[in-house]
Amino acid sequence: MVEFRESGVLLRRDGQHVAADNGLIRVEADLATGEFSFRWKDGMAITGLFGEAAAGDRRWRTNRAAAHRFDPQSVRAVADGFGRGIRWTVEHDAPGPITLRHRFWCYDGLPYAFVELEAVREAEWETNDISPLAALQNDGAVFRFGEGASRDVRVLFVPFDNDKWVRYASCPLPVSIESHEATAVYEPDSRRGFVLGSVTHDFWKTGLRVEGAMPGEISRLRVYGGAAGLHTRDTVPHGAARGTAIASPRIFVGAFADYRAGLEAYGRANDVIEPKLPWSGGVPFGWNSWSAVMDKLDFDVYVGAADFLRGELMTRGFENESAVYVNFDAFWSKLSAEELAEAIRRVKANGQRPGVYYTPFTFWGKNPDAPVEGVSGSYTFRDLLLKDEAGELLPTIAGGRALDPTHPAVLERIRREMQRFVDLGFEYVKLDFLTHGALEGRHYLPEVRSGIQAYRTGMAAIRDALAPERIGRPFFISLSIAPLFPHGFAHGRRMCCDVFGLIGDTAYLLNAVTHGWWVNDTLYRFNDPDHTVLYQSANQHPSRPHEGRSRLTAAVIGGTMLLLGDDFRKPEAAERALEWLANGKVLDLARRGVSFIPAESGEGGLPSDVFVLPGDGECHVAVFNLDGGAPARKRIPFGRIGVPESVEAQVEDLWDGGDAPPFTAAGELDVTLQPAEAKIYRLRFHGGERG
């Protein structure tokens, strides 16, 4: 028997079994079979796991290896951002000239562990398909929920990016899905669940394939580096890593009494390994031009919005410590140089901060053979565009072609444009259509062999060009259409695709809040709920009053960057802004910059309609009627929102309470909402638990 202890983690080899246990999670490797498992103290488990790597038509699996070894010399004590723990390795001699090495991490006091697979050969080789975590069964379940397990099990689909109005989805079994970078497998009623996800994002796009043919029983799992397809917008295979030793993405594996706590822990784990871009200012408040006027943007509407915010809203409290931003979106280049300079001057004279828009990785022109101006050397755009292995241009996305972020002329254009923004006096940039920069293809730099590597190259150029220590002032970087990972290059990211002002738009945004609230202040300092339309987007008919206020409510609970999206020359838009944005209690929630947590998970692409922000002896609850045609009564048990069921709670209606005293509720919150209406309540009570 071999034992090794570090802090609260004990690693022991006993015969053909090697296991590390911290009292919460036990990671076991079977040296007879090459399989491994994760087991938790409450009876939850993931079993029958192996690793595999592929090259060409060959595939090597750890559970088919000729021999499995544990070398005590591989054990290391670790002390890092996760605390103190143990790292160890199990080797598998696969058939042929390859060794597979499973590497595990287990830390004191954490209900999750990490695993990665390294595949080693004597000569250089390459692969674009490596899985540290897989299970392939026909009988039995890979995930075990322990005593009292439910037949209602859901699998969370996480989109790779937020383009084309993609949605998160809570998928009941039977199911066969492939999530991106992370997933949760959970029981919606008990909330018990598992969370799996990648925490390294330097080369691989990670796919998580989960399959189950019967209710409550998942029999197949594959977590792998090398995902490329429709949802990653790729039309060519994932790039291949090359070397003598190739490592998979490192995978977070955890089980939790509440899967929501698991997703938050997963987000924080990513922040430990690659910290989010720091922001010392408050939540950005302000205005963005896209929804208001789209391609009709001109000097008058921009300056008019700035003056309306200054004269009508900021005097009533619509501002925050990071000031108020007035942001150009697409088509700002229609302004003349003189108009642009005057617009920026006017905004600054108002005590506001100007913002701008840029698509760094996209060519919108029709002629790829047009010359590239303003860069060193003689290039056409065809030279800069990303291509496949045959040298053919990749298909367009949203009408634009992908520029290669590793090409020196592309990087020169990016740095030149960032410096131009700084010199003009801008203090905020919205970056759009960034998935173009993460596409697989043949890159200019031969050492860059994947889309994620290329994306990191381009995004690092932007981050570094706008670094406060370089330019002498804060500069807010906001991502619009963008991959969820890698995340260390911006302060905010849109939760979803474009969101306008009707109740269907609010439901779409709430889908992202339901399943992506945990991104806020873990991967990015802020979730961005997009331009908040109170009355009318340029591409829609006006919203009804309840629709408009529901859209504002969804923005407030989303994270939030509260950027308005109306043309305030319209009297109805101005009237709603003056009324609703004078509500200091609601704006104070937005100023917190904290996303509310879903009370329920929804089903399919449907969102929760109840969200909670826990507090000490109180909580805030947002309730939505997403039916635009009929009223709805919602009875919300206290236990689902973190209020002790035995207490009475004083309930304050933040939207419509006015001077009315709080009412009392016991056991449940009973709410009747008009079509498309939303409410925010503050509940005060003694005692309580997480919502």
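Rules and cut-offs
Residues numbered from 1 in each chain as written. Predicted model: local features only at pLDDT ≥ 70, side-chain atom pairs only at ≥ 80, totals over all residues. Heavy atoms only, no water. Helix = DSSP H or I, 4+ residues; strand = E, 2+ residues; numbered from the N terminus. Rg over C-alpha atoms; globule rule 2.2 N^0.38 Å. Buried < 20%, exposed > 50% of the residue type's maximum accessible area, 1.4 Å probe, protein only. Contact = heavy atoms within 4.5 Å. Areas by Shrake-Rupley, 256 points an atom, 1.4 Å probe, with all protein chains shown as cover. Lys, Arg positive; Asp, Glu negative; His and termini not counted. Charge placed at Lys NZ, Arg CZ, Asp CG, Glu CD. Polar contact = N/O pair within 3.5 Å; in protein donor to acceptor, adjacent residues only side chain to side chain. Salt bridge = Lys/Arg side-chain N within 4 Å of Asp/Glu carboxyl O. Axes fitted to C-alpha atoms, helices over the stretch in contact; angles between N-to-C directions. Parallel < 35°, antiparallel > 145°, perpendicular 65-115°, else oblique. Left-handed = near helix turned anticlockwise from the far one by under 90°. Nonpolar A, V, L, I, M, F, W, Y, C, P; charged D, E, K, R; others polar. Pairing = 2+ DSSP bridges. Core = buried A, V, L, I, M, F, W, Y, C linked by side-chain atoms within 4.5 Å. Disulfide = S-S within 2.5 Å.

1. What to know about the overall build of the protein
(1) Moving on: Assigned secondary structure in the protein consists of twelve helices and 41 strands.
(2) Moving on: Whereas a compact globule of 691 residues would reach a radius of gyration of roughly 26 Å, the protein reaches 26 Å, a difference of no more than 12%.
(3) Moving on: Considered along the principal axes of its C-alpha atoms, the protein spans approximately 75 × 75 × 40 Å.
(4) Moving on: Within the span of the protein, comprising 691 residues, buried residues form 63% of the whole.
(5) Moving on: A separation threshold of at least 6 residues defines the contact pool for the protein, and within that pool the share at least 24 residues apart is 72%.
(6) Moving on: When the accessible area of the protein is evaluated, it comes to approximately 24800 Å², of which 48% is carbon and sulfur surface.
(7) Moving on: Averaging the locations of the 77 positively and 93 negatively charged side chains of the protein gives two centres separated by 2 Å.

2. Concerning the side chain of His102
(1) Moving on: Position of His102 among the secondary structure elements: in strand S11 (residues 98-107).
(2) Moving on: Assessed through its relative accessible area of 1%, His102 is described here as buried.
(3) Moving on: Only 3.3 Å separates the side chain of His102 from the side chain of His92, close enough to count as a polar contact.
(4) Moving on: Within the local environment of His102, its side chain forms a polar contact with the backbone oxygen of Pro132, the two atoms lying 2.9 Å apart.
(5) Moving on: Leave out the neighbours within four places in its chain, and His102 touches Phe36, Phe50, Gly51, Thr62, Trp88, Thr89, Val90, His92, Val115, Glu116, Leu117 and Pro132.

3. Describing the pattern of salt bridges
(1) Moving on: Summed over the entire model, instances satisfying the criterion amount to 59 salt bridges.
(2) Moving on: Among the ionic pairs, Glu274 bridges to Arg456, the shortest N-O distance being 2.7 Å. Taken together, the residues span a long stretch of sequence, with Glu274 in the loop between helix H1 (259-273) and strand S24 (285-288) and Arg456 in helix H7 (residues 451-465) at a distance of 182 residues.
(3) Moving on: Taking the relative accessible area as the measure of exposure, Glu274 reaches 16% and is therefore buried.

4. A closer look at the packing of helix H3 (residues 299-313) against helix H11 (residues 571-580)
(1) Moving on: The interhelical angle for the contact between H3 and H11, taken along N-to-C directions, is 40°, at an axis separation of 11 Å. Judged by the angle between their axes, H3 and H11 are oblique. Here H3 and H11 pass one another in a crossing that is right-handed. Contacts from Phe308, Glu312 and Leu313 in H3 reach Ala574, Ala577 and Leu578 in H11.
(2) Moving on: Considering only residue class, the contact of H3 with H11 consists of five nonpolar, no polar and one charged.

5. Thoughts on the packing of helix H9 (residues 503-516) against helix H10 (residues 545-558)
(1) Moving on: Where H9 meets H10, the closest approach of the two axes is 9 Å, and the angle between their N-to-C directions is 15°. The pairing of H9 with H10 is recorded here as roughly parallel in orientation. Judged by the sense of rotation from one axis to the other, the crossing of H9 with H10 is left-handed. Between H9, through Ile503, Thr506, Leu509, Leu510 and Val513, and H10, the contact on the second element is made entirely by Glu547, Ser550, Arg551, Ala554, Ala555, Ile557 and Gly558.
(2) Moving on: Across the contact of H9 with H10, the residue classes break down as seven nonpolar, three polar and two charged.

6. Thoughts on the sheet that holds strand S29 (residues 428-431)
(1) Moving on: Across the sheet, eight strands lie side by side as S32-S31-S30-S29-S26-S25-S24-S33; this open sheet has parallel pairing. Edge strands, defined here as strands with exactly one partner in the open sheet, are strand S32 (526-528) and strand S33 (562-564). Adjacent strand axes in the sheet meet at a mean angle of 25° when their direction is disregarded.
(2) Moving on: The pairing of S24 with S33 spans three bridges and is classified as parallel.

7. What about the nonpolar core?
(1) Moving on: If you look at the biggest cluster of nonpolar residues, it comprises 161 residues, and the most contacted ones within it are Phe252, Leu479, Ile641 and Leu683.
(2) Moving on: The element best represented in this core is H3, accounting for nine residues.

8. Comments concerning the pairing of strand S19 (residues 193-198)
Two faces make up the sheet, and in a regular strand the side chains alternate between them.
(1) Moving on: The element S19 is largely enclosed, with a buried count of six among its six residues.
(2) Moving on: Side chains Gly193, Val195 and Gly197 of S19 all project onto a buried face; the interleaved residues Phe194, Leu196 and Ser198 project onto the opposite face, where all are buried too.
(3) Moving on: Pairing of S19 with strand S23 (residues 251-256), which is carried by six bridges, proceeds in the antiparallel orientation. Residue Ser198 lies in a different strand from S23, and its bridge partner there is Ile251.

9. Some details on the state of the cysteines
(1) Moving on: Tallied over the full model, the rule gives zero disulfides.
(2) Moving on: Lacking any disulfide linkage, Cys496 is separated from the closest cysteine sulfur, that of Cys497, by 7.4 Å.
(3) Moving on: Relative accessible area serves as the criterion here: at 3%, Cys496 is assigned to the buried category.

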